[in-house]
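Here's the letter readout for the chains.
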Amino acid sequence: MSGSDDRRSQGVTGRTAVVLGGGGSRGSFEVGALSYLYDHHQIRPSVIAGCSIGAVIASKLATGATGPAQCAALDQIDAIIRGFSDHRGMFTEEPWFRSFVDRYPSASSALRRLRGTAVPELSNIPGLADGDVTHDLDPDQRGFVDTWMALRALGRAAREIEPGVREAFRAKSVYNLDPLRELLEDPLVFGLEGVATSGVDLRLAVVSLESGDLRYVTQNGTFVDRDNGPLPELGSVPLPAAVRASAAVPGVFPPVRLGDENYVDGGVRELLPLQVVMEHLESTQCFAVLAQAPDLPRKSDMGRATILPIVARALGDIAMDEIRRDDVAFARRMPGVTVIEPEINVHGSLEVRPELVAIAIDYGFMRAADVVGGLPAEQCELSRRITQARMAQTDGDTVAARSELDRLIAERDPHGLPTSLQPERR
């Protein structure tokens with residue numbers, strides 16, 4: 001964050017919108033991009049929409065009736081996420097999962113061994129520590145041996161973990177959003193009671209599990225459909241609950257009851273809630289910010305995969321990637337829309353490490369400068385390489401990474417460099 005600036009209160013002309021996509025803790029990138037937009041492009045949006053983590057950020061921004069008030073709200077968001085020491089500032093393990101890890105050590109050991117081998121999706125799950133690695137084998141051999149040993153361990157642990165498995169099948173999620181709930185409901189932190197009178201049109205994307213419909217919760221807590229048509233029969237709901245519903249990734253966090261129905265993350269149908277903003281809220285320009293980069297790595301041969309990996313790959317990885325592709329393609333076709341997205345992911349969607357969060361915020365700032373400032377391709381490439389050099393520093397390659405970082409910063413146009421990377425501040 002580069003601090004308050006008189007330019008931040010000026011505001012651009014026309015009806016400006018900001019749309020923020022989902023991505024879990026990767027919303028740190030969005031905070032950095034917004035900082036650039038307020039600091040250097042002087043935006044003052046009167047329409048703000050968000051999905052998942054984007055809904056969390058959008059709801060706080062919408063408390064501001066003026067440009068300076070929105071800037072202050074953004075500063076607060078920045079301070080909040082930088083203040084998290086780990087994931088427990090945002091979410092915590094459900095009791096059954098914590099109990100499972102604590103009560104069934106042989107199964108937990110097997111799960112740790114599976115991290116990054118048979119089930120790479122476990123690699124960023126908080127609550128599972130790093131497991132043993134057979135370093136003297138090449139990657140393919142190591143993966144085979146680790147997987148085989150882990151499956152043997154799980155087999156031996158089957159009787160031990162059976163009660164825990166039954167409990168897991170009765171659960172609604174692995175984690176809960178109780179820490180986020182406390183923040184959202186605290187009038188001194190989020191102050192969402194001010195949204196209704198701020199004059200900002202707010203849209204938070206949610207999906208009903210009962211009907212399957214994509215809906216939006218407005219600044220007044222009322223529902224509208226995907227064409228912005230009012231749904232008075234659904235009544236009104238508290239905004240903190242609506243924000244949690246928009247962030248309720250199925251299986252990861254529990255659904256949230258709003259009125260007579262249960263709702264989950266709007267990203268199930270729409271990662272970037274742009275259409276309602278551009279086609280129904282008379283926005284003349286829009287900044288659409290995504291939290292995560294395109295990331296669908298190729299898997300090794302799935303011929304031996306069993307039901308759970310197959311379902312996770314098809315309905316999780318591939319289906320969600322398609323939603324993202326469709327939303328971004330629509331945004332790029334829409335006149336007046338500027339898309340700001342990362343080229344790399346600095347950290348996992350459930351990963352909260354302060355040093356990586358700070359890097360992601362700065363990366364968002366630089367990417368917004370790249371796109372909105374119209375910097376040439378070689379400067380955009382420097383933003384990515386600067387970020388990667390900083391990531392390498394956190395991995396322990398400090399001397400080489402610091403030298404590379406200094407060189408890259410010297411090459412990059414100083415416009416769009418966040419305060420933390422300005423030469424006089426380093």
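Up top is the structure these notes are about.
Rules used in this analysis
- Residues numbered from 1 in each chain as written.
- Predicted model: local features only at pLDDT ≥ 70, side-chain atom pairs only at ≥ 80, totals over all residues.
- Heavy atoms only, no water.
- 1 Å grid on protein atoms, 1.4 Å probe; cavity = no way out; pocket = protein on both sides within 12 Å on 5 of 7 lines; lining within 4 Å.
- Points joined across faces, edges and corners; volume = space filled by probe spheres on them.
- Helix = DSSP H or I, 4+ residues; strand = E, 2+ residues; numbered from the N terminus.
- Nonpolar A, V, L, I, M, F, W, Y, C, P; charged D, E, K, R; others polar.
- Phe/Tyr/Trp six-rings, centres within 6.5 Å; stacked < 30°, edge-to-face > 60°.
- Buried < 20%, exposed > 50% of the residue type's maximum accessible area, 1.4 Å probe, protein only.
- Lys NZ or Arg CZ within 6 Å of the ring centre and 35° of its normal.
- Patch = residues over 30% accessible without salt bridge, like charges linked within 9 Å, V, L, I, M, F, W, Y side chains within 5 Å.
- Areas by Shrake-Rupley, 256 points an atom, 1.4 Å probe, with all protein chains shown as cover.
- Salt bridge = Lys/Arg side-chain N within 4 Å of Asp/Glu carboxyl O.
- Expected span 1.5 Å × (residues − 1).
- Core = buried A, V, L, I, M, F, W, Y, C linked by side-chain atoms within 4.5 Å.
- Contact = heavy atoms within 4.5 Å.
- Axes fitted to C-alpha atoms, helices over the stretch in contact; angles between N-to-C directions.
- Left-handed = near helix turned anticlockwise from the far one by under 90°.
- Pairing = 2+ DSSP bridges.

Caption draft 1: Empty space enclosed by the protein, seen in detail. Applying the stated criterion across every chain yields a total of 2 cavities of 30 Å³ or more. There is about 200 Å³ of room inside the largest cavity. Surrounding the largest cavity, 17 residues form its lining, I53, V56, I81, F84 and M90 being those nearest its centre. Elements with a minimum of two residues in the lining of the largest cavity: α1 (27-40), α2 (53-61), α3 (67-82) and α7 (178-185). Of the residues belonging to the lining of the largest cavity, the class tally is 14 nonpolar, 3 polar and no charged. By volume, the second largest cavity is sized at about 40 Å³. Around the second largest cavity, the lining residues are R26, S28, F29, A291, P342, I344, N345, V346, H347, A360 and Y363. Counting only elements with at least two residues in the lining of the second largest cavity, the list comes to α1 and α11 (354-372).

Caption draft 2: Just the packing of aromatic side chains, in detail. Scanning the entire structure with this criterion turns up 8 aromatic pairs. Consider the rings of Y36 and F365, whose centres lie 5.5 Å apart with planes at 90 degrees: the pair is edge-to-face. Taken together, the residues span a long stretch of sequence, with Y36 in helix α1 and F365 in helix α11 at a distance of 329 residues. Take Y36: its relative accessible area is 3%, and that puts it in the buried class. Between the aromatic rings of W96 and F97, the centroid separation amounts to 5.7 Å while the plane-to-plane angle is 70 degrees, which identifies the pairing as edge-to-face. The pair formed by W96 and F97 is uniform in burial state, with each residue classed as buried. Ring pairing ties together the aromatic residues F91, W96, F97, Y175 and F253, which thus form one cluster. If you follow K60 out to its NZ or CZ, it ends over the ring of F190, 6.0 Å from the centre.

Caption draft 3: Geometry of a nonpolar patch on the surface. Where nonpolar side chains cluster on the molecular surface, the patch consists of I307, L308, V311 and L315 and spans about 450 Å² of accessible area. Structurally, L308 can be placed in helix α10 (residues 307-333).

Caption draft 4: α1, seen in detail. The end-to-end C-alpha distance of α1, which contains 14 residues, comes to 20 Å, matching closely the 20 Å that a straight helix rising 1.5 Å per residue would cover. Of all 14 residues in α1, 13 are buried; the element is thus mostly enclosed. Immediately beyond the C-terminal end of α1, within one or two residues, lies Q42, with a positive phi of roughly 50 degrees.

Caption draft 5: Quick look at the nonpolar core. If you look at the biggest cluster of nonpolar residues, it comprises 73 residues, and the most contacted ones within it are L34, L204 and F223. With 9 residues, the top contributor of residues to this core is α11. Those residues in contact with F223, other than ones at most four positions away along the chain, are V206, R215, Y216, V217, G229, P230, L231, L234, G235, V237, L258 and Y263. Grouped together as the second largest cluster of nonpolar side chains are 27 residues, V47, L214, Y216 and A288 included.

Caption draft 6: The arrangement of the environment of P95 in detail. When you line up the elements, P95 lands in helix α4 (residues 95-103). Look at P95 and you get exposed, because its relative accessible area is 61%. Placed 80 residues apart in sequence, P95 and Y175 show a C-alpha to C-alpha distance of 8.5 Å.

Caption draft 7: Molecular detail of the pattern of salt bridges. Summed over all chains, the structure comprises 20 salt bridges. Salt-bridge contacts for D201 lead to R15; the nearest nitrogen and oxygen are separated by 2.4 Å. Of the two residues, D201 is situated in strand β5 (residues 201-208) and R15 in the segment before β1 (16-20); the sequence distance between them amounts to 186 residues. For R15, a relative accessible area of 24% corresponds to the partly exposed category. Where R402 meets D406, a salt bridge forms, and the shortest distance between an N and an O atom there is 3.4 Å. Here R402 and its partner D406 are both found in helix α13 (residues 398-411), 4 residues apart, which amounts to about one turn of the helix.

Caption draft 8: Examining the packing of α1 against α2 more closely. Where α1 meets α2, the axes come as close as 9 Å, and the angle between the chain directions of the two elements is 35 degrees. Read as a crossing pair, α1 and α2 show a hand that is right-handed. Residue-level inspection shows G27, E30, V31, L34 and Y38 of α1 in contact with α2, the latter providing I53, G54, I57 and L61. Considered class by class, the residues forming the contact of α1 with α2 number 6 nonpolar, 2 polar and 1 charged.

Caption draft 9: Expanded view of unusual backbone geometry. Residue Q42 is not a glycine yet carries a positive backbone phi of 50 degrees. With respect to the helices and strands, Q42 occurs in the loop between α1 and β2 (47-50).

Caption draft 10: View of the pairing of β5. Extensive coverage of β5 is indicated by the burial of 8 of its 8 residues. Both faces of β5 are covered, namely the face carrying D201, R203, A205 and V207 and the face carrying L202, L204, V206 and S208. Two elements, β2 and β5, share 4 bridges in a ladder whose sense is parallel. Note on β5: the bridge partner recorded for I48 is L202.

Any functional reading would require information beyond the geometric quantities listed.
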